[in-house]
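# Structural features, examined
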Amino acid sequence: MYRIGPIGRKSNFHSREKCLIGLVLVTLCFLCFGGIFLLPDNFGSERVLRVYKHFQKAGPEIFIPAPPLAAHASRDEDPHIMGDRERLQQKIRAELGDILEEPQAAAAAIGVAPPNEAADAEPVPVAQQEQPVEQQQPPLAPASAAQPDDTTSNNNNNAAYAASALKLPMGMGRELEPSMQEKRLKVKEMMEHAWHNYKLYAWGKNELRPLSQRPHSGSIFGSYDLGATIVDGLDTLYIMGLEKEYKEGRDWIERKFSLDNISAELSVFETNIRFVGGMLTLYAFTGDPLYKEKAQHIADKLLPAFQTPTGIPYALVNTKTGVAKNYGWASGGSSILSEFGTLHLEFAYLSDITGNPLYRERVQTIRQVLKEMEKPKGLYPNFLNPKTGKWGQLHMSLGALGDSYYEYLLKAWLQSGQTDEEAREMYDEAMLAIIDKMVRTSPNGLTYVSDLKFDRLEHKMDHLACFSGGLFALGAATRQSEHTDKYMEVGKGITNTCHESYIRAPTQLGPEAFRFSDAAEARALRSQEKYYILRPETFESYFVLWRLTHDQKYRDWGWDAVQALEKYCRTPHGYCGLRNVYQQDPQKDDVQQSFFLAETLKYLYLLFSDDSVLPLDEWVFNTEAHPLPIKGANIYYRQAPAAQPASNVS
Ligand code: DMJ
């Protein structure tokens, strides 16, 4: 590409001057125009303006009372719904006072707030949140007892309409015994520390370098201003009741977040789990249409990657040109199982809230390809060529390159309200093959899951595979079958082994990968496996096992980890990973990963919260720990009232 330099350019002072004058005039106009919008508070009565704004937001419902709720959502039957509505009504009463007496009375009489008003209502103040859960969040009925159609009927949108007016209360949770409350508050303080330093030194960039006190541009999202830490961390702020910080993040997303006009080569997988997943959770929590729009905007940018002969997407897509490709290093142009197999939850939910079936169709195609493929020994290799539809190298793993594919099989079934039987069957088949061919016990009785390369077991476990303790246990807890006990035994065993990998290091933090040999058990042997980058997987399993067993040891292990994070990873300006967990005084890596805010701190916080905070029979966590609602069991599912034709974006 050639550019004409200053010497070759014809000088033209007249047009430059004209440009300058034009610029000055445009700036002046802009200032006058802006002034008009800044002034209203100063003229006329503020009260009139407030009423005007409320009328604008509320729409016709403010005059026409909302229709009655579906039977199952009545005040008497569902105290969970009642609690939320009462809070919303209180909020509206406090805000509007005498101004809108009549419509409010009408809305209150039928037990529902005017929907648009409620959708825009401020979150419940943090001070009100630490109430006994009996008054706040009694659990909903399990999936089997729920009636999804009541909230999604096309003929009568009333229930869906009511659901969209609901907001998950911020910072919810039962009053805890003082020691647990203290632990929970400690994790919250860690989140504040991570967030405030990101805000101070890297706001709008993707991640923070705490030691250098500047943005981390080498992250997977590069130096583009995508605010990865904001989008990834926002639901954690919401759950913790960090209202001011949450609002800052929401505001940034509204004003700044867009993939238009940037030419970034994005990972389909990472963008999906962090950005689409993050936005979807925020939409479920708040009903704020901003998040639904953003989720769809991002997903649409990923769609060109699915244009392959098989429908298996490429790994990378350019947001401007739509050109997609795979990583050069991935087995002869293959796509990666853990990447193309970890889209299902987000795309299926996106179809349901937008009414556009396209997203679900895309992931269903992936499911069908995988279902019909012949599986060597019943296992899924990590690589699949999207053009030929053939497996690449026969490497199998529950760690890197494989992990979350298996996770999404179980979770797609859970998300569907346990109706997607195909997903559960595929999960059971895969996990039984893994137990048979890859799960092993060390001479000293530690259960681990090896990688399998062709016919050879590599007795090594990635830190990434530590999530599978929780996955096996969740599989056991959600269906009673002949495999239940085995799943639970393996789940507990793997979680115990991951804990061992932590406590065998002087830092009490686990390495990136650990091996089992005559020389060592649950220990990294190679220097490039000794780092810890603030990963969440072990804590994720502690959290799931705690919820399922209430065995105190999982909370104790989590608390030990909090102390280790504080001792070794905390710096005055955020949290860093470690280069070698086996050193007494390890060097820090100068990166505060966005998943530290999205996952690590969230799982630790939930570990010390009571079971009513995001109960596992109402929420399913995507692989980046963004909770998504379970269909039919969760009033925040917010399904769109009517299906629309497939968009032509593809
Ligand atoms: C996260 O981005 C997700 O959990 C992903 O599935 C794998 N690894 C990282 C955190 O370790």
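Quick summary incoming for the structure in this document.

What counts, and where the lines are drawn
Here the residue numbering is sequential within each chain, running from 1 through the sequence in written order. Owing to the predicted nature of the model, reporting of local features is limited to residues with pLDDT of at least 70; listing and counting of side-chain atom pairs is limited to 80 or more, with chain, interface and lining totals taken over all residues. Water and hydrogen atoms play no part in the side-chain values, which are based on all heavy atoms of the structure. Any Lys or Arg side-chain nitrogen found within 4 Å of a carboxyl oxygen on Asp or Glu counts as a salt bridge. Only DSSP runs of H or I with at least four residues qualify as helices, and only runs of E with at least two residues qualify as strands; both kinds are numbered from the N terminus onward. Partly exposed residues are those whose accessible area sits between 20% and 50% of the maximum for their type, while under 20% is buried and over 50% is exposed, using a 1.4 Å probe and protein chains only. The pairing criterion is simple: DSSP has to find at least two bridges between the two strands. Axes here refer to lines fitted to C-alpha atoms; in helices the fit is confined to the stretch in contact. Angles between the N-to-C directions go from 0 to 180 degrees. Contact definition: two residues touch when any of their heavy atoms are within 4.5 Å. Expected helix span is given by 1.5 Å per residue-to-residue step, counting one fewer step than there are residues.

What follows concerns the pattern of salt bridges. Applying the stated criterion across every chain yields a total of 38 salt bridges. One salt bridge in this structure joins Asp352 and Lys631, with 3.0 Å as the shortest N-O distance. Here the residue Asp352 occupies a position in helix H13 (residues 344-354), and Lys631 occupies one in the segment after strand S19 (627-629), the gap between them amounting to 279 residues. A salt bridge links Glu500 to Arg504, with the nearest nitrogen and oxygen atoms 2.9 Å apart. For Arg504, a relative accessible area of 32% translates into the label partly exposed.

The strand order across the open sheet formed by three strands is S13-S14-S15, and the pairing between neighbours is antiparallel. What marks the edges here is a single partner per strand, and that holds for strand S13 (460-462) and strand S15 (521-523). In this sheet, neighbouring strand axes are inclined to one another by 20° on average, regardless of whether the strands run parallel or antiparallel. Sheet topology places strand S14 (residues 513-516) next to S15; two bridges connect them, and they run antiparallel. In the strand pairing of S15, Arg515 is matched with Arg523. Sheet contacts for helix H18 (residues 484-503): S13, S14 and S15; angle to S14, the most-contacted strand, approximately 105°.

Moving on to helix H20 (residues 552-569). Taking 1.5 Å per residue, 18 residues should reach 26 Å; H20 reaches 25 Å between its end C-alpha atoms and fits that length. Looking at H20, one finds that the buried residues are Tyr554, Arg555, Trp557, Gly558, Ala561, Val562, Ala564, Leu565, Glu566, Tyr568 and Cys569. Residues of H20 that are buried in the fold lie against helix H7 (178-202), H18, helix H19 (537-549), strand S16 (570-571), strand S17 (574-575) and helix H21 (594-607).

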